[in-house]
Amino acid sequence: MTAMETGRIIKALSGFYYCRTEEGTYQCRGKGAFRKESVTPLVGDWVRFEAGEGEPDESGFLPGGFVTEILQRKNQFVRPPVANLDQLCLVSAVAEPAPSPLLLDKLIAVCEYKQVEPLLVFTKTDLGSPEELRRIYTAAGFRVFCLTDRGAEDLEPLRACLRGRITAFAGNTGVGKSSLLNRLEPNLSLQTAGISRKLGRGKHTTRHVELYPVLGGYVADTPGFGSMELLQYERIRKEELQHCFREFAPYLADCRFTGCSHTVEKGCAVLEALEKGRISPTRHESYLALYEDSKQLKDWE
């Protein structure tokens, strides 16, 4: 008789789902009903699955049957395709490739919308100064870590944030996500590649999402992103966007008019804070760009 177990999906690859339990990791397939219901199990999901009998295979995986149930998620992302995150570590280089504040702020907005804590890591600080970025995002209320590409700086503050939590690493290709993970946990030995000089962007080295046990929690290395249109997937409406910029929060109740868009209105407390230097101009510029995108959403979307 097949036993039912509960475990977390730590890898999804080629139609197989690898479900981790205290006994080991089972190799399973998804039941056919998932396709009919347009449901896809995601890395990070807690699931019920059929546990088979027998010894582990040469890769160390235990035999399993079908994943039969996806347990309730606290959050999920389409890109990267992961679920039940505690944190999203957003990795940007200060040079080679140059950072995109708008792209970073898009990612942060989605984190806030999903109630996932963003951690900001700026790499390659030996190639340029991160101080302006550090100032902007620290003032906005985020934890910021500035690292060289191969330096010997103390990584313990970042490690402390990872302990016991589920953390995904995301950012453009070539910013050093895999290299950073290898430094945080040398036993991972993730594949890395340099920057393509011709294309000006990183070569893709990560082909799938996978959770790796690190410091009593898990971290996920995710496929590199070329261009991201997160709002296309996450659908943050313009009325909700103000809550995705945490530095706006102290001023939202003080706007003169209900339904203030914080874009051009007289009596807007957010715009007043912007004028007084309490909100970064680049952050507000990102808000304006995302607000224009959000205005294009139809009520039925």
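Keep in mind the model is a prediction, meaning the values are calculated, not measured.

Definitions and cut-offs
- Residue numbers run consecutively from 1 along every chain, following the written order of its sequence.
- Thresholds applied to this predicted model are a pLDDT of at least 70 for local features of residues and 80 or more for the giving and counting of side-chain atom pairs; totals over whole chains, interfaces and linings are not thresholded and use all residues.
- With hydrogens and water set aside, each side-chain value is computed from the structure's full complement of heavy atoms.
- Working definition: helices are DSSP H or I runs of at least four residues, strands are E runs of at least two. Numbering for both runs from the N terminus.
- Every helix has an expected span of 1.5 Å times one less than the residues it contains.
- For every residue, the accessible area obtained with a 1.4 Å probe (protein chains only) is divided by the maximum for its type, and the residue is called buried under 20%, exposed over 50%, and partly exposed between those limits.
- To obtain the arc, one takes the directions from the helix axis to the C-beta atoms.
- Any pair of nitrogen or oxygen atoms within 3.5 Å is treated as a polar contact; in protein, a donor-acceptor pairing is required on top of that, and neighbouring residues in sequence qualify only through side-chain atoms on both sides.
- Any carboxyl oxygen of Asp or Glu within 4 Å of a side-chain nitrogen of Lys or Arg constitutes a salt bridge here.
- When two rings of Phe, Tyr or Trp (its six-membered ring) have centres within 6.5 Å they constitute a pair, described as stacked for plane angles under 30 degrees, edge-to-face for angles over 60, and tilted for the intermediate range.
- Working rule: Lys NZ or Arg CZ, within 6 Å of ring centre, within 35 degrees of ring normal, means a charge sits over the ring.

Q: So what exactly am I meant to see when it comes to helix H9 (residues 281-295) here?
A: Side chains of residues three or four places apart in an α-helix project in the same direction, reflecting 3.6 residues per turn. With 15 residues, H9 extends 21 Å from end C-alpha to end C-alpha; this agrees with the ideal 21 Å at 1.5 Å per step. Listing the buried residues of H9 in full gives Arg 283, His 284, Ser 286, Tyr 287, Leu 290, Tyr 291 and Ser 294. One side of H9 carries all its buried residues, which in axial view fall inside an arc of 155 degrees. In H9, those exposed residues whose orientation departs by more than 90 degrees from the buried face are Pro 281 and Glu 285.

Q: When you look at unusual backbone geometry in this model, what are you seeing that I'm missing?
A: Where the residue is not glycine, phi is negative for most of them; where a peptide bond is considered, it is trans in most cases. For the bond from Glu 96 to Pro 97, the omega torsion is 5 degrees, close enough to zero to count as cis. Mapped onto the elements, Pro 97 comes out in the loop between strand S6 (87-93) and helix H2 (101-114). Phi is positive for Asn 84, which is not a glycine, with a value near 60 degrees. Along the chain, the position of Asn 84 falls in the loop between strand S5 (62-70) and S6. Here Asn 84 falls in the buried class, since its relative accessible area comes to 7%.

Q: Sorry, what's going on with the side chain of Ser 294 here?
A: Along the polypeptide, Ser 294 turns up in helix H9. A polar atom in the side chain of Ser 294 sits 2.9 Å from the backbone oxygen of Ile 236.

Q: Help me understand the pattern of salt bridges, please; the structure alone is not making it clear to me.
A: Any two side chains of opposite charge can pair, so long as their charged atoms come close to each other. All chains considered together, the criterion is met by 12 salt bridges. A salt bridge links Lys 74 to Asp 86; the nearest nitrogen and oxygen atoms lie 2.4 Å apart. Of the two residues, Lys 74 is situated in the loop between S5 and S6 and Asp 86 in the loop between S5 and S6; the sequence distance between them amounts to 12 residues. With its nearest N and O atoms 3.0 Å apart, the salt bridge here joins Glu 239 to Lys 238. Through salt bridges with shared partners, a single ionic network connects Asp 105, Glu 247 and Arg 283.

Q: Would you mind showing me how to read the packing of aromatic side chains here?
A: Any pair of aromatic rings gets described here by the distance separating the centres and the angle formed by the planes. Scanning the model with the defined rule gives eight aromatic pairs in all. On the basis of an interplanar angle of 50 degrees and a centroid distance of 5.2 Å, the ring pair of Tyr 26 and Phe 49 is categorised as tilted. On the criterion of sequence distance, the pair formed by Tyr 26 in strand S3 (residues 25-30) and Phe 49 in strand S4 (residues 46-51) is long-range, its members being 23 residues apart. Seen in terms of ring centroids, Phe 245 and Tyr 287 are 5.5 Å apart; in terms of plane orientation they differ by 85 degrees. Their pairing is edge-to-face. Separated by 42 residues along the polypeptide, Phe 245 in the loop between helix H7 (238-241) and helix H8 (269-275) and Tyr 287 in helix H9 bring together distant segments of the chain. In this structure Phe 245 comes out as buried when scored by relative accessible area, which is 1%. Classification of Tyr 287 by relative accessible area gives buried; the value is 0%. By the ring-pair criterion, three or more aromatic residues cluster together here, those being Phe 245, Phe 248, Tyr 287 and Tyr 291. One Lys or Arg, Lys 11, reaches over the ring of Tyr 18 and ends 4.6 Å from the middle of that ring. When the ring centre of Phe 16 is taken as origin, the NZ or CZ atom of Arg 29, which lies over that ring, is 3.9 Å away.

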